[in-house]
Amino acid sequence: MNGISKLLSIFLLLFFSFNTLKAQSLEYVRVESESTGLSVKEAIDSALVQAIERVNGKSMESASLLKSTESLEQKNNDSDYLFSQEYQEEIKSKSKGQIKEYKILSKNKMPDSSLWVVKVSATIAKYKVSKSAKRKRIAVLPIQARVGCCNTMGTAVNPNFASQELSRALSNSLVQSRKFTVLDRDYINERTSEKNVLSGDVPPEELAKLGQELFSDYILVGTITSANAKEIVKSMRTNDMTFQEMQGILQVSYRIIDVPTSQVKFSSNATINISNTELKSEGITNQNSNSEIMYSMINVGAKKIGENILNAIFPILVESIKGKVVVLGQGGESVRRGQQMQLILRGDKILDSYTKESLGRTEEVIGTVKITSVTPKQSYGNIINSTVDNLEELFKPKMMLVRPFTDELKKEARKEKIKTKRIEQKKKFDEDW
């Protein structure tokens, strides 16, 4: 009996705690709104939608409320039912509780018109959303793949496998960034199953319409042009020994559509080279199956594409500097311990001379940061070189950012390192003689 009493006490405590938290998460606001419609019912519904949007902004619930109320049965030929408590309860249910109650302040038919004008006073539940709910919403549409695009060790791979895995990996990469709310992929598949809008040739305006239906801020759409993994033979310079290495190449054309403006926020015809070292870091050797090699290659490629997207839309900002130690506002899998990044000083805003739209800010590379530790939300690094002194005193929020070195910059850095080493060796040789 004591055990049952304890369980009952715990249940009651959790129940009241939950209701207290629920009560603290919303408040009720009374607003007045006026709208028109071909009938009193249509005018009431439109005015209620406006009331919701005035309090909570445009949402999926408010956008679909008019369609939802179309199915409500009007039980009299006149409008008395629309004023009843029964209809109010149905409206409350259809709006998912956003409309607690409402009163009709006035209803009039416009002179020489079939339109009704209705003014309502509504009590709307105002939700206090969490900070994470304020993130930009992005819908990663199923990535397409060209027929015959994919090949591993000379064997064709099903393009559907490659497209599904890249879609999944891109979603995971964007979730890890903690900068986006990524829409559920199954939900997107359901909404796009009957829409032929996934090709890369579709105008941004059409994709933006789908984005509005999905209630997203951005849409990511793309096509795999090529995904190939092969084995190459390398020879040692010092002797005749040879060894085998794997290497991959992933070519993807993708676009980010800004839904509210229908503009292309970012686009790229990306050619991603995947080294033997990167495949080995995924636990892959030439002994693995073709599907395992392709899976790992796509996973590596998706991380690089995710980094490119984030660096274009949400550059990694320096949040603080203490001496040579920097704190970066991004962590997770998108930043790796030991990784080196460019330290960049942001300058003035640049405006397009024709459209007057912002093109971003000027940027000046002022040093290099090496990542020393990574947490899910942030990362830490050391400034290993800088062209500017007293960075700690110079620092202001949003003034500096970091960007990973591109493959081209990495190649240049390696060449420069080899060149410097050769010069040092020659100098030492000359000194010895």
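Up top is the structure these notes are about.
What comes next concerns the included structure. (Residues numbered from 1 in each chain as written. Predicted model: local features only at pLDDT ≥ 70, side-chain atom pairs only at ≥ 80, totals over all residues. Heavy atoms only, no water.)

### Thoughts on the overall build of the protein
Along its length, the protein carries eleven helices and 17 strands. The buried share of the protein, reckoned over its 433 residues, is 36%. When the accessible surface of the protein is split by element, carbon and sulfur atoms take 50% of a total near 26100 Å². (Helix = DSSP H or I, 4+ residues; strand = E, 2+ residues; numbered from the N terminus. Buried < 20%, exposed > 50% of the residue type's maximum accessible area, 1.4 Å probe, protein only. Areas by Shrake-Rupley, 256 points an atom, 1.4 Å probe, with all protein chains shown as cover.)

### Comments concerning the sheet that holds strand β17 (residues 400-404)
One closed barrel holds the six strands; their spatial order is β12-β13-β16-β15-β14-β17, and the pairing between them is antiparallel. Each strand axis lies, on average, 50° off the axis of its neighbour in the sheet, ignoring direction. Alignment of strand β14 (residues 340-351) against β17, held across five bridges, turns out to be antiparallel. By the bridge assignment, L343 is partnered in β17 with V402. (Pairing = 2+ DSSP bridges. Axes fitted to C-alpha atoms, helices over the stretch in contact; angles between N-to-C directions.)

### What to know about the pattern of salt bridges
Scanning the model with the defined rule gives eight salt bridges in all. The shortest N-O distance in the salt bridge between E165 and R168 comes to 2.9 Å. One end of the pair is E165 and the other is R168, both in helix α5 (residues 159-176) and three residues apart, which spans about a single turn. Among the residues examined, R168 registers a relative accessible area of 25% and is labelled partly exposed. The closest approach of N and O atoms between R403 and E363, which form a salt bridge, is 2.5 Å. With R403 in strand β17 and E363 in strand β15 (residues 358-374), this pair connects stretches of sequence that are 40 residues apart. (Salt bridge = Lys/Arg side-chain N within 4 Å of Asp/Glu carboxyl O.)

### Comments concerning the nonpolar core
Core analysis: the biggest nonpolar cluster contains 38 residues, and L220 and I224 have the highest contact counts within it. Elements with a minimum of two residues in this core: β4 (136-140), α5, β8 (180-182), β9 (218-235), β10 (242-258), β11 (263-274) and α9 (290-313). With ten residues, α9 is the largest single contributor of residues to this core. Not counting residues up to four positions away in its chain, the partners in contact with L220 are I138, A139, V140, L141, L170, L174, Y254, R255, I256 and I309. (Core = buried A, V, L, I, M, F, W, Y, C linked by side-chain atoms within 4.5 Å. Contact = heavy atoms within 4.5 Å.)

### A closer look at the pairing of strand β12 (residues 316-322)
Sheet topology places β12 next to β17; two bridges connect them, and they run antiparallel. The residue of β17 that forms the bridge with L317 is L401. Two elements, β12 and strand β13 (residues 325-328), share four bridges in a ladder whose sense is antiparallel. Of the residues in β13, the one forming a bridge with S320 is V327.

### Considerations on the side chain of S33
Within the secondary structure, S33 sits in strand β1 (residues 26-37). Those residues in contact with S33 that sit more than four places away from it in its chain are A47, L48, Q50, A51, R54, V118, K119 and V120.

### Some remarks on α5
Because each turn of an α-helix spans 3.6 residues, side chains separated by three or four positions in sequence point in the same direction. For α5, built from 18 residues, the straight-helix expectation of 26 Å at 1.5 Å per residue is met to within 8% by its first-to-last C-alpha distance of 26 Å. Residues A162, S163, E165, L166, S167, A169, L170, S171, S173 and L174 constitute the buried set of α5. Here α5 starts with a cap whose side-chain oxygen sits 2.9 Å from the backbone nitrogen of N160, and that cap is N158. Remark: R178 follows α5 within two positions and exhibits a positive phi of approximately 60°. (Expected span 1.5 Å × (residues − 1). Polar contact = N/O pair within 3.5 Å; in protein donor to acceptor, adjacent residues only side chain to side chain.)

### Observations concerning the pairing of β14
Here β14 pairs with β15 via nine bridges, running antiparallel. Each bridged residue has a counterpart across the sheet, and for L345 the counterpart in β15 is E364. Linking β14 to β15, which pair antiparallel, is a turn of six residues; within it K356 sits at a positive phi near 65°.

### So, unusual backbone geometry
Unlike most non-glycine residues, D112 shows phi in positive territory, near 55°. As for its placement among the helices and strands, D112 is situated in the loop between β2 (99-109) and β3 (116-127). The class of D112 is exposed, set by a relative accessible area of 86%.

### Digging into the packing of aromatic side chains
Counted under the stated rule, the structure contains three aromatic pairs. When the ring of F180 is compared with that of F314, the centres are 5.2 Å apart and the planes differ by 70°; the resulting orientation is edge-to-face. Taken together, the residues span a long stretch of sequence, with F180 in strand β8 and F314 in the loop between α9 and β12 at a distance of 134 residues. (Phe/Tyr/Trp six-rings, centres within 6.5 Å; stacked < 30°, edge-to-face > 60°.)

### Describing the environment of K322
Note on placement: K322 falls in strand β12. Exposure remark for K322: the relative accessible area of 59% places this residue in the exposed category. Residues K322 and F395, 73 residues apart in the sequence, show an inter-C-alpha distance of 9.7 Å.

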